[in-house]
Amino acid sequence: MLQFGNYSIIAFVTAFICGIVTIPMVLDFCKRKGLYDMPGKRKVHKNAIPRLGGIVYLPSVLLGCIAVFVFAKSTNTTTISLSLWTVYFIIGVSMIYTVGIIDDILNLGAITKMAVQIIAATMLPLSNLWINNLYGLFGIYEVPYCIGAPLTIIAVTFISNALNLIDGIDGLAASLSIMILGGYAFAFFHWELWYYAIIICALIGVLMSFLYYNMFGGYKHNRKIFMGDTGSLTIGYIIAFLSLKLIMKNTSVLQSSSHEMLLVMTLNIVPALDVIRVAALRIHKGFSPMRADKNHIHHKLLRLGLSGHKTLLAIITISVVFIVLNYILYESFSLTSILITDIILYIVLHIIINYSNKQKGNNIYEF
C-alpha cells in the first residue's frame, strides 16, 4: 500500500507541475488568437477571460500516469494492463475532450455537443460497465441490462452536464470536482484499486494548479483563465465513469454495497439537485430546459450580495453539510429516506434564499 501511495504522490506532483507550467502557455495562445469568454447578460464576469484552461487536463493526467509507469518500471515493481471498459472509457473521454476544445474555440450548438455526449456515454454500457444494482434505493436492487444500459447513458450524460452547468463562478466546478474526486480516491484506495486512485490523484493535481490561475490569476496580466467546456465536460465524464466503477455490482472487482451508492449520491448531490431544480423551473416558466439563465444556486447567492469567493465558500459548506448529515443518517435510515431528506433540505434552503432576495428587493428568478 505504501508503494502505491508513493505512486499517487508522483502522479499528483507531476500533473500539478505540468498544469503550473502549461497554463501560462495556453493563456498566451488565447491572447494571440483572441480566444476569450466575453462578458454578457448571463455571465458573472465583467472582463474578457481566456476559456481554454481545460485543455491541459488530460495531457497533465497522462504525464502523471507516465511518470508513475516509468518509476514503476525502473523498480520492476508492477505491470499495467487495460480492461475492455478502460479502453472504451479512453475512447469516450477523448471524444468529450475533443468536442470541448472545438466548442471553446468555435462555439458548437447544444444539440451537437449533446449528441457526442450521448455517444460517449454509450461506450460504457457497451463495455459492460453499467448500473446493475441500486442497493435498495426506491426499493430497487438488481437491475437488468435492458434497463440498466439506457439508465447508465442517461446518468453519465446527466453527471457530465451537471458539472458543466454549475461552472459559473471562479473555483466552483474545480472545487466541487476535487471534493468528489477526493472521496472517490479514498474509496478506490480502500478497495486497493490502485490504478484508478493514481489517475484520480493526477487529476486532482492538475485541478489544483488550475484553481491557482482561475481564482487568483489577474486578468490585467493575462494570468486568469476559465476551464471552459473542455474542462467541465471532461471532468464530468471522468467522474461519471468513476461513479459507475464504484457502484456496479461486480464481485471480481470490488464488493460494492449501499455504502458506495451513498458515497456517489452524496458527493454529487449539490450539482445534481441544482441542475434538476433549474431545468424544472425553466420548463415551468415555458422555456426550454437547455436555455441559459441566471437561476443556478451561485447566481442566487450572488444576488444576496455575497462576493464570488464567499459564494464559493457557501456552496462548499453546503456540500460538506450534506456529506456529514448523510453519513450520520446512514447509521439508521435507508438510501431512499436519506435522498428524500436531502431533497427536502435543498428545497428549504432555496425557500430561505428566495425569501432573503425578496427582502432585499431582488428578483427571485432571472432569465
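Residues numbered from 1 in each chain as written. Predicted model: local features only at pLDDT ≥ 70, side-chain atom pairs only at ≥ 80, totals over all residues. Heavy atoms only, no water.

A. Just the nonpolar core, in detail. Core analysis: the largest hydrophobic core is formed by 99 residues, its most contacted members being Tyr-184, Phe-188, Tyr-237 and Leu-242. Among the elements that take part in this core, helix H7 (residues 194–216) stands out by supplying 13 residues, more than any other. Sequence-distant contacts of Tyr-184, that is, excluding residues within four places in its chain, are made with Ile-200, Ile-239, Leu-242, Ser-243, Leu-246, Leu-263, Val-264, Leu-267 and Asn-268. (Core = buried A, V, L, I, M, F, W, Y, C linked by side-chain atoms within 4.5 Å. Buried < 20%, exposed > 50% of the residue type's maximum accessible area, 1.4 Å probe, protein only. Helix = DSSP H or I, 4+ residues; strand = E, 2+ residues; numbered from the N terminus. Contact = heavy atoms within 4.5 Å.)

B. Layout of empty space enclosed by the protein. A full pass over the atoms with the stated rule returns 3 cavities of 30 Å³ or more. The calculated volume of the largest cavity comes to roughly 60 Å³. What lines the largest cavity is simply Phe-158, Ile-159, Ala-162, Leu-163, Ile-180, Ile-239, Asn-268, Pro-271 and Ala-272. Where the lining of the largest cavity is concerned, the elements lending two or more residues are helix H5 (145–165) and helix H10 (269–284). (1 Å grid on protein atoms, 1.4 Å probe; cavity = no way out; pocket = protein on both sides within 12 Å on 5 of 7 lines; lining within 4 Å. Points joined across faces, edges and corners; volume = space filled by probe spheres on them.)

C. Seen up close, unusual backbone geometry. A positive phi is found at Asn-107, a non-glycine position, where the angle reads about 60°. For Asn-107, a relative accessible area of 57% corresponds to the exposed category. For Asn-128, which is not glycine, the phi torsion reads 70° and is therefore positive. With respect to the helices and strands, Asn-128 occurs in the loop between helix H4 (110–126) and H5.

D. Main features of the pattern of salt bridges. Taken as a whole and assessed by the stated rule, the structure comprises 7 salt bridges. Note that Lys-113 is salt-bridged to Asp-103, the shortest N-O span being 3.4 Å. One end of the pair, Lys-113, is in helix H4; the other, Asp-103, is in helix H3 (residues 84–106), with 10 residues separating them in the sequence. Like Lys-113, the residue Asp-103 is buried in the burial classification. (Salt bridge = Lys/Arg side-chain N within 4 Å of Asp/Glu carboxyl O.)

E. Representation of the packing of H3 against H4 within the structure. For the pair H3 and H4, the least separation of the axes is 8 Å and the interaxial angle reads 170°. In terms of orientation, H3 lies roughly antiparallel with respect to H4. Here Tyr-88, Phe-89, Ile-91, Gly-92, Met-95, Ile-96, Val-99 and Asp-103 of H3 come into contact with H4, specifically with Lys-113, Val-116, Gln-117, Ile-119, Ala-120, Met-123, Leu-124 and Leu-126. A class-by-class count of the residues in the contact of H3 with H4 yields 12 nonpolar, 2 polar and 2 charged. (Axes fitted to C-alpha atoms, helices over the stretch in contact; angles between N-to-C directions. Parallel < 35°, antiparallel > 145°, perpendicular 65-115°, else oblique. Nonpolar A, V, L, I, M, F, W, Y, C, P; charged D, E, K, R; others polar.)

F. View of the packing of aromatic side chains. Applying the stated criterion across every chain, the model contains 11 aromatic pairs. Pairing Tyr-7 with Phe-71 gives two aromatic rings, centres 5.9 Å apart and planes at 80°, and the pair type is edge-to-face. With a gap of 64 residues between them, Tyr-7 in helix H1 (residues 2–33) and Phe-71 in helix H2 (residues 57–75) connect regions that are remote in the sequence. A residue is classified by how much of its surface remains accessible, and Tyr-7, at 2% relative accessible area, is buried. Relative accessible area serves as the criterion here: at 38%, Phe-71 is assigned to the partly exposed category. Taking the centre distance of 4.1 Å and the plane angle of 20° together, the rings of Phe-89 and Phe-241 count as stacked. Separated by 152 residues along the polypeptide, Phe-89 in helix H3 and Phe-241 in helix H8 (residues 228–247) bring together distant segments of the chain. (Phe/Tyr/Trp six-rings, centres within 6.5 Å; stacked < 30°, edge-to-face > 60°.)

G. The layout of surface pockets, seen in detail. Its boundaries defined by the atoms lining it, the second largest pocket holds a volume of some 1,000 Å³. Lining the second largest pocket are 34 residues, with Phe-158, Ala-272, Leu-273, Ile-276 and Leu-339 sitting closest to its centre. Of all the secondary structure elements, the ones that give two or more residues to the lining of the second largest pocket are H5, H8, helix H9 (258–267), H10 and helix H13 (335–359). The residue inventory of the lining of the second largest pocket, partitioned by class, reads 28 nonpolar, 4 polar and 2 charged.

H. Seen up close, H5. With 21 residues, H5 extends 29 Å from end C-alpha to end C-alpha; this agrees with the ideal 30 Å at 1.5 Å per step. Looking at H5, one finds that the buried residues are Gly-148, Ala-149, Thr-152, Val-156, Thr-157, Ile-159, Ser-160, Asn-161, Ala-162, Leu-163 and Asn-164. For H5, the secondary structure elements touched by its buried residues are H4, helix H6 (172–190), H8 and H10. (Expected span 1.5 Å × (residues − 1).)

I. The arrangement of a nonpolar patch on the surface in detail. A contiguous nonpolar surface patch, about 670 Å² in accessible area, is contributed by Ile-9, Phe-12, Val-13, Phe-16, Ile-17, Val-21, Met-25 and Met-208. In terms of residues, the nonpolar patch owes the most to one element, H1, which gives 7 residues. Within the secondary structure, Val-13 sits in helix H1. (Patch = residues over 30% accessible without salt bridge, like charges linked within 9 Å, V, L, I, M, F, W, Y side chains within 5 Å. Areas by Shrake-Rupley, 256 points an atom, 1.4 Å probe, with all protein chains shown as cover.)

J. Examining the environment of Phe-241 more closely. Looking at Phe-241, the relative accessible area reads 2%, which means it is buried. For Phe-241 and Ile-159, which are 82 residues apart along the polypeptide, the C-alpha to C-alpha distance reads 9.7 Å. Apart from the residues within four sequence positions on either side, Phe-241 is in contact with Trp-85, Phe-89, Leu-124, Leu-129 and Tyr-196.

K. Expanded view of the side chain of Gln-117. Take Gln-117: it is sitting in helix H4. Judged by its relative accessible area of 4%, Gln-117 falls in the buried class. Within the local environment of Gln-117, its side chain forms a polar contact with the side chain of Asn-161, the two groups lying 2.5 Å apart. When near neighbours in sequence (up to four residues on either side) are disregarded, Gln-117 contacts Ile-96, Thr-157, Ser-160, Asn-161 and Leu-233. (Polar contact = N/O pair within 3.5 Å; in protein donor to acceptor, adjacent residues only side chain to side chain.)

L. Spotlight on the side chain of Thr-336. Along the polypeptide, Thr-336 turns up in helix H13. Owing to a relative accessible area of 17%, Thr-336 belongs among the buried residues under this scheme. Leave out the neighbours within four places in its chain, and Thr-336 touches Gly-136, Leu-137, Phe-138 and Gly-139.

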